[in-house]
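Residues per chain are reported as follows:
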Amino acid sequence: MYDGCEVRRVNVQNDLAVLAARIRSATRLTILTGAGVSAASGVPTFRGQDGLWRQHRAEDLATPEAFGRNPRLVWEWYAWRRETIAGCRPNAAHEVIAAWSQRAGSRTVTQNVDDLHARAGTERLVRLHGSIWELSCWDGCANGATPWRDERVPLAEMPPRCPHCGGLARPAVVWFGESLRGEDVRAALQATACDVFLTVGTSAIVYPAAGLVHEARRQGAFTAEINLEATPASSGVDVAIHGGAETILPRVAELV
Ligand code: BJW
């Protein structure tokens, strides 16, 4: 009797083996990560079922306009997320990525602001959207343009102030409509020149990050995606594996 599940299992096993073989022989490995990589650690994703906060969507809060309108509301969202993340630890996906980052020629580009890759020991990490543990001056004072680290949970004051000018501080993250740091974009683009480009746990809808996998493919990289579900990137990659990053990556690592 035809067993669709068995066929799917064999296909996944094949895809894992193909990806592992590519990674094994790769000189230059690039991994792009999104919120799904931290989901198993307990960090809510943006667009999943847990993506709403008090009925607000990320798109409604992660903008300079939202902050300008209601800084306290946006800071409450960030304070809640900082508290949640403070209680989270890197999971098996972060650990595999950190281990692979020890290989010369391996680079990791993340959209995540939770710092869990850094805590897992990932080297050559590009944080495209900044860090939730860093602040900068909203009022634009010269000294406050350079982000400072503040890991206090809860924050000392709400909303926090700039230590340089006493103005309003903001999370040093990249909101919709804002430019990413030039050096991060350059590093991410350089990382698309690789043998294997693996995109993990991202909905692949937010640019410029979502364009990197296509750029890597255009330059001849073998491309692969690991995600719980299909994304706009799935049809354009060589291998799309459906499953949790925290279970799939350790399986690939065993085969590598
Ligand atoms: C699992 C899992 C498990 C769950 N295992 N998987 C070109 C075309 C169209 C639009 C644009 C374009 N260029 C620029 C734009 C505009 C805009 C944009 O992309 N809009 C789109 C929504 C259409 N981009 C920008 O504005 C960017 N700036 C820019 O380009 O500047 C120049 C410019 C400006 C203006 C106009 C034109 C050009 C800035 C983007 C900044 C994004 N910022 C945020 C917030 C960061 C701070 C914070 O965290 O608070 O970044 S928004 C949010 O989305 C966050 C994330 O990093 C980002 C991506 O989300 P991610 O990581 O993919 O998470 P989810 O939740 O979407 O998906 C999770 C996935 O995991 C799902 O697929 C699950 O299935 C999966 N998953 N568990 C594996 N266990």
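The structure presented is a predicted model; accordingly, all values stated were derived computationally and were not measured.

## Things to note about the domain arrangement of the chain
Then step 1. Parsing the chain into structural domains produces domain 1 (1-42 + 89-129 + 180-256) and domain 2 (44-87 + 130-173).
Then step 2. In total, domain 1 and domain 2 occlude about 1100 Å² of area from one another, counting both sides; carbon and sulfur atoms represent 49% of this.
Then step 3. Seen at the junction of domain 1 and domain 2, the total is two salt bridges.
Then step 4. A salt bridge links E134 to R127, with the shortest nitrogen-to-oxygen separation between them at 3.4 Å.
Then step 5. Per-class residue counts for the side of domain 1 that touches domain 2 are six nonpolar, five polar and five charged.

## Some remarks on the pairing of strand β1 (residues 29-33)
Then step 1. For β1, the tally of buried residues reaches five of five residues, placing the bulk of the element in the interior.
Then step 2. Burial of the side chains of β1 extends over both faces: L29, I31 and T33 are buried on one face and T30 and L32 on the other.
Then step 3. Examined bridge by bridge, β1 and strand β2 (residues 106-110) share five bridges and lie parallel to one another. Looking at the pairing, T30 lines up with R107 of β2.
Then step 4. Pairing of β1 with strand β7 (residues 196-200) involves five bridges; the strand directions are parallel. Within the sheet, the bridge partner assigned to T30 lies in β7 and is F197.

## Examining the pattern of salt bridges
Then step 1. A complete count under the given rule lists 15 salt bridges for this structure.
Then step 2. The salt bridge partner of R28 is D195, with a shortest N-O separation of 3.1 Å. Here D195 lies in the loop between α8 (182-191) and β7 and R28 lies in the loop between α1 (4-25) and β1, a separation of 167 residues in the sequence.
Then step 3. Members of the salt-bridge network, linked through shared partners, are D115, R127, E134, R149 and E151.

## Some details on the site of the ligand
Then step 1. Around the ligand, 35 residues are found, and the nearest of them are R47, Y78, R81, S203 and Y207.
Then step 2. Between the ligand and H129, the relevant distance is 2.8 Å, taken from an oxygen atom to a side-chain nitrogen or oxygen of the residue.
Then step 3. At a separation of 2.7 Å, an oxygen atom of the ligand approaches a polar backbone atom of G177.
Then step 4. Relative to its unbound accessible surface of 1500 Å², the ligand loses 77% to contact with the protein.
Then step 5. Among the elements of the structure, α2 (36-39), α5 (71-86) and α10 (245-255) are those that each provide at least two residues to the shell around the ligand.
Then step 6. Broken down by element, the shell around the ligand gets its largest block of residues, three residues, from α5.
Then step 7. Here the shell around the ligand is built from residues that sort into 17 nonpolar, 13 polar and five charged.

How each quantity is defined
- Residues numbered from 1 in each chain as written.
- Predicted model: local features only at pLDDT ≥ 70, side-chain atom pairs only at ≥ 80, totals over all residues.
- Heavy atoms only, no water.
- Domains from an automatic or database assignment.
- Buried area = accessible area lost by both parts, 1.4 Å probe.
- Salt bridge = Lys/Arg side-chain N within 4 Å of Asp/Glu carboxyl O.
- Nonpolar A, V, L, I, M, F, W, Y, C, P; charged D, E, K, R; others polar.
- Buried < 20%, exposed > 50% of the residue type's maximum accessible area, 1.4 Å probe, protein only.
- Helix = DSSP H or I, 4+ residues; strand = E, 2+ residues; numbered from the N terminus.
- Pairing = 2+ DSSP bridges.
- Near = heavy atom within 4 Å.
- Polar contact = N/O pair within 3.5 Å; in protein donor to acceptor, adjacent residues only side chain to side chain.
- Areas by Shrake-Rupley, 256 points an atom, 1.4 Å probe, with all protein chains shown as cover.

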